[in-house]
Amino acid sequence: LSERYASYEDVCEAAAVDDVAFATFKRDPAYVDVLEHVSCDVGRMYQHRLEVDHPAVLHDDRLRKTAIAAAKIGSPAVYAYDGWDTSVSPTQLRYLAVLGD
């Protein structure tokens, strides 16, 4: 487990000092393993939970803009979800659902 997080830390450190590493750090396997591992299908489940349980969170313009902006940082995997004008990261949908909870 400590080696797993050491690799994650290495990715973060590289992204902090190297523009090339920063451009794609959210796709690095060590980073994905720790933070960006939410699949497209699980993202759809979070989208549904937001629609049903937390529509105010889902439709908050400031939160939506933040989720869209986060999808442009570090090149995470992004997907098209209903109700979004652009693709977003399923991880951001998870964070919105947690906020709603």
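Residues numbered from 1 in each chain as written. Predicted model: local features only at pLDDT ≥ 70, side-chain atom pairs only at ≥ 80, totals over all residues. Heavy atoms only, no water.

> I'm lost on the overall build of the protein chain in this one. Help?
Scanning the protein chain from terminus to terminus reveals seven helices and zero strands. Principal-axis analysis of the C-alpha atoms places the extent of the protein chain at approximately 40 × 30 × 20 Å. Sorting the 101 residues of the protein chain into buried and exposed places 36% on the buried side. When the accessible surface of the protein chain is summed, it comes to about 6200 Å², and 55% of that surface belongs to carbon and sulfur atoms. Averaging the locations of the 10 positively and 17 negatively charged side chains of the protein chain gives two centres separated by 6 Å. (Helix = DSSP H or I, 4+ residues; strand = E, 2+ residues; numbered from the N terminus. Buried < 20%, exposed > 50% of the residue type's maximum accessible area, 1.4 Å probe, protein only. Areas by Shrake-Rupley, 256 points an atom, 1.4 Å probe, with all protein chains shown as cover. Lys, Arg positive; Asp, Glu negative; His and termini not counted. Charge placed at Lys NZ, Arg CZ, Asp CG, Glu CD.)

> Help me understand the packing of aromatic side chains, please; the structure alone is not making it clear to me.
In this description, an aromatic ring pair is defined by two values, namely the gap between the centres and the angle between the planes. Counting across every chain of the model gives four aromatic pairs. Note on Y79 and Y81: the rings are 6.5 Å apart at their centroids and 75° apart in plane angle, and the pair reads as edge-to-face. The exposure class of Y79 is partly exposed, given its relative accessible area of 29%. Y81 sits in the buried class, given a relative accessible area of 4%. (Phe/Tyr/Trp six-rings, centres within 6.5 Å; stacked < 30°, edge-to-face > 60°.)

> Help me out: how do you make sense of the packing of helix α4 (residues 40-53) against helix α7 (residues 90-100) in this one?
Think of two packed helices as two axes; the pair is described by the angle between the axes and how far apart they sit. Running from N to C, α4 and α7 point in directions that differ by 30°, and their axes come no closer than 8 Å. On the basis of their axis angle, the class for α4 and α7 is roughly parallel. Our pair here, α4 against α7, has a crossing hand that is left-handed. Touching C40, G43, Y46, Q47, R49 and L50 of α4 are P90, L93, R94, L96 and A97, all from α7. A class-by-class count of the residues in the contact of α4 with α7 yields seven nonpolar, two polar and two charged. (Axes fitted to C-alpha atoms, helices over the stretch in contact; angles between N-to-C directions. Parallel < 35°, antiparallel > 145°, perpendicular 65-115°, else oblique. Left-handed = near helix turned anticlockwise from the far one by under 90°. Contact = heavy atoms within 4.5 Å. Nonpolar A, V, L, I, M, F, W, Y, C, P; charged D, E, K, R; others polar.)

> I'm lost on α7 in this one. Help?
At 3.6 residues per turn, the α-helix brings residues three or four places apart onto the same side. Taken as a whole, α7 has its buried residues at P90, T91, Q92, L93, R94, L96 and A97. The inward-facing, buried residues of α7 contact α4, α5 (55-58) and α6 (61-70). Capping of α7 at its N-terminal end is provided by S89; its side-chain oxygen lies 3.1 Å from the backbone amide nitrogen of T91. (Polar contact = N/O pair within 3.5 Å; in protein donor to acceptor, adjacent residues only side chain to side chain.)

Limitation: the analysis is restricted to geometry and does not speak to function.
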